[in-house]
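A structural walkthrough
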Amino acid sequence: MLENLTDRLQGVIKTLRGQARLTEENISDAMREVRMALLEADVALPVVKEFIAQVKQRAQGQEVLQSLTPGQAVIQVVHDELTELMGKANVGLNLAAVAPAIILMAGLQGSGKTTTSAKLAKLLKEQKKKVLLASADVYRPAAIEQLKTLAKQLDVDCFDSNATQKPLDIAAAALDFAKRGYYDVIIFDTAGRLGIDEAMMAEIKALHTLLNPIETLFVVDAMQGQDAVNTAKAFGDTLPLTGVILTKLDGDSRGGAALSVRHITGKPIKFVGVSEKVDGLEPFHPERMASRILG
Ligand code: GDP
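Small disclaimer: the values here were computed from a predicted structure and weren't measured.

This part takes up the side chain of Lys 119. Position of Lys 119 among the secondary structure elements: in helix 6 (residues 113-126). For Lys 119, the side chain forms a polar contact with the main-chain oxygen of Gly 280, separated by 2.8 Å.

See the structure below:
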């Protein structure tokens, strides 16, 4: 078990006890523990450094409420700052487009794009939207079948693409089909590779240009930990992302990727994946994530 921040701060709390305000000297030791906690939660180092600098500034001179020990006051500042950085409140999907509203899914292979596409379709179907799923993942033939199977299970339509087609042709045809069928939303699943790859980036960029989606969602596996930063940077530099979905939070990661990805992309985390099942999607709550990261 990882030690939680409250326990970690036990030692420094003693030295802080009985003070009315937090001072630079006081919080230095505490910040060392905060830094360790964040690194253990897999927040990327540059993000940790920047965060600590911010918190230090905010904590300095902070009055210690009578109800709190100075150690608790430090934790409160850290917790508030983490929550704020991750976006304060939940931000939902934006579907304010002329129908069909297009959602483009981007991310590495295995990040959970196909599963998450189905989860979103379920959510939108429950909101009485007419949803079309479509897949341009022609490199992993099973992916298109996987989406079709999930769509059937959800009783949602899936555009009939296949692995011999070109992704851009699939996109154009799916869009045409959705317009003629008066669909409210298209969720467009794309190919991912195991690593960041120029061809993949060029392809998704072209798909983005063709589809002009209202939502471009970056899907990232919370278990990726430190690596999530590089992936987020590559996708964020290539595409005008509108949001992030962090998957596999039911695993044992502490969720530090949430802070890193939010920091790198500057985009809100809109949902989190919490199981392999199609109902395993929840709105993102920054405050809960802050508590999870701090342990
Ligand atoms: P893609 O290659 O990005 O389309 O990824 P998939 O949707 O095929 O997902 C890869 C694996 O991750 C599959 O085994 C999924 O069942 C699993 N998966 C996706 N999202 C979640 C999640 O939130 N929690 C768990 N535990 N597994 C997930």
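After presenting the structure, the write-up continues.
Further remarks concern the pairing of strand 1 (residues 101-106). Where burial is concerned, most of strand 1 is hidden: six out of the six residues are buried. Going residue by residue along strand 1, you find Ala 101, Ile 103 and Met 105 tucked away on one face and Ile 102, Leu 104 and Ala 106 tucked away on the opposite face as well. Where strand 1 lies against strand 4 (residues 185-189), four bridges are found, and the strand directions are parallel. From the neighbouring strand, Ile 102 faces strand 4, where its bridge partner is Ile 186.

Below, the discussion takes up the site of the ligand. Residues in contact with the ligand amount to 17 residues; listed here are only the nearest, Gly 110, Lys 113, Thr 114, Thr 115 and Asp 250. Interatomic distance of 2.9 Å between a backbone N/O atom of Gly 112 and an oxygen atom of the ligand. Of all the elements, helix 6 adds the most residues to the shell around the ligand, at four residues. Tallied by class, the residues present in the shell around the ligand amount to two nonpolar, nine polar and six charged.

Counting buried residues along strand 2 (residues 131-135), five of its five residues qualify, which places the element largely inside the surrounding structure. Alternating residues of strand 2 divide into Val 131, Leu 133 and Ser 135 and Leu 132 and Ala 134, and every residue in both groups is buried. Here strand 2 runs beside strand 4; their pairing, made up of five bridges, is parallel. When the bridges of strand 4 are listed, Leu 133 appears paired with Ile 187. Where strand 2 meets strand 3 (residues 157-158), two bridges bridge the pair, whose relative direction is parallel. The partner of Leu 132 across the bridge, within strand 3, is Asp 157.

On to helix 8 (residues 167-180), then. Along its 14 residues, helix 8 runs 20 Å from first to last C-alpha, staying within 8% of the 20 Å computed at 1.5 Å per residue. Of all the residues in helix 8, the buried ones are Pro 167, Ile 170, Ala 171, Ala 174, Leu 175 and Ala 178. Around the axis of helix 8, the buried residues are gathered within 130° of arc, so they sit on the same side. Lining the buried residues of helix 8 we find strand 1, strand 2, strand 4 and helix 9 (198-211). Count one or two residues on from helix 8 and you reach Tyr 182, which has phi positive near 55°.

In this section: the sheet that holds strand 4. If you trace the eight strands from one edge of the open sheet to the other, you get 3-2-4-1-5-6-7-8, paired in mixed fashion. Where the open sheet ends on each side, the last strands, each with one partner, are strand 3 and strand 8 (281-283). Sheet strands in contact with helix 9 are strand 1, strand 4 and strand 5 (215-221), and its direction is about 175° off that of strand 1.

Our focus in this paragraph is the UniProt feature "domain: SRP54-type proteins GTP-binding" (unreviewed entry) in the protein chain. Under the feature "domain: SRP54-type proteins GTP-binding" (unreviewed entry), the UniProt entry names residues 268-281. Secondary structure within residues 268-281 divides into 0% helix and 43% strand; the distance between the first and last C-alpha atoms comes to 16 Å.

As a further point, take the side chain of Glu 215. Relative to the assigned elements, Glu 215 resides in strand 5. Here Asn 94 takes part through its backbone nitrogen, which lies 2.6 Å from a polar atom of the side chain of Glu 215. Filtering out sequence-adjacent residues up to four positions away, Glu 215 remains in contact with Gly 92, Leu 93, Asn 94, Ile 102, Ile 103, Leu 104, Thr 242, Gly 243 and Lys 270.

With that settled, consider the confidence of the model for the protein chain. Looking at the protein chain as a whole, its pLDDT mean stands at 89, while 91% of the residues score no less than 70. In the predicted assembly, ipTM is 0.99 and pTM is 0.92.

Considering the arrangement of structural elements, one finds Ile 144 in helix 7 (residues 141-154). Judged by relative accessible area, Ile 144 falls into the buried class, the value being 3%. Put simply, Ile 144 and Phe 159 are 15 residues apart on the chain and 9.6 Å apart in space, counted from C-alpha to C-alpha.

What counts, and where the lines are drawn
Starting afresh in each chain, residues are numbered from 1 along the sequence in its written order. The model is predicted, so local features are restricted to residues of pLDDT at least 70 and side-chain atom pairs to those at 80 or more, both for listing and for counting; the totals for chains, interfaces and linings are taken over all residues. To get the side-chain values, all heavy atoms of the structure are used, and hydrogens and water are removed first. Comment: elements are numbered from the N terminus, with helices defined as DSSP H or I runs of at least four residues and strands as E runs of at least two. Between N or O atoms, a polar contact is any pair within 3.5 Å; within protein, one atom must be a potential hydrogen donor and the other a potential acceptor, and residues adjacent in sequence are included only when both atoms are from side chains. Buried, partly exposed and exposed residues are distinguished by accessible area as a fraction of the type maximum, computed with a 1.4 Å probe on protein chains only: under 20%, between the cut-offs, and over 50%, respectively. Strands qualify as paired when DSSP identifies two bridges or more between them. Throughout, near means a residue has at least one heavy atom within 4 Å of the molecule or strand. Each residue is assigned to one class: nonpolar for Ala, Val, Leu, Ile, Met, Phe, Trp, Tyr, Cys and Pro, charged for Asp, Glu, Lys and Arg, and polar for all the others, Gly among them. Here, expected helix span is obtained from the residue count minus one, scaled by 1.5 Å. For this quantity, the arc is that covered by the directions from the helix axis to the C-beta atoms. In what follows, residue pairs with any heavy atoms lying within 4.5 Å of each other are defined as contacts. The axes are straight lines fitted to the C-alpha atoms, using for helices just the contacting stretch, and the angles between their N-to-C directions are given from 0 to 180°. UniProt positions are given in the numbering used here, feature names are shortened, and annotations may be inferred rather than shown by experiment. Every residue gets a pLDDT, meaning the predictor's confidence in that residue, from 0 to 100.

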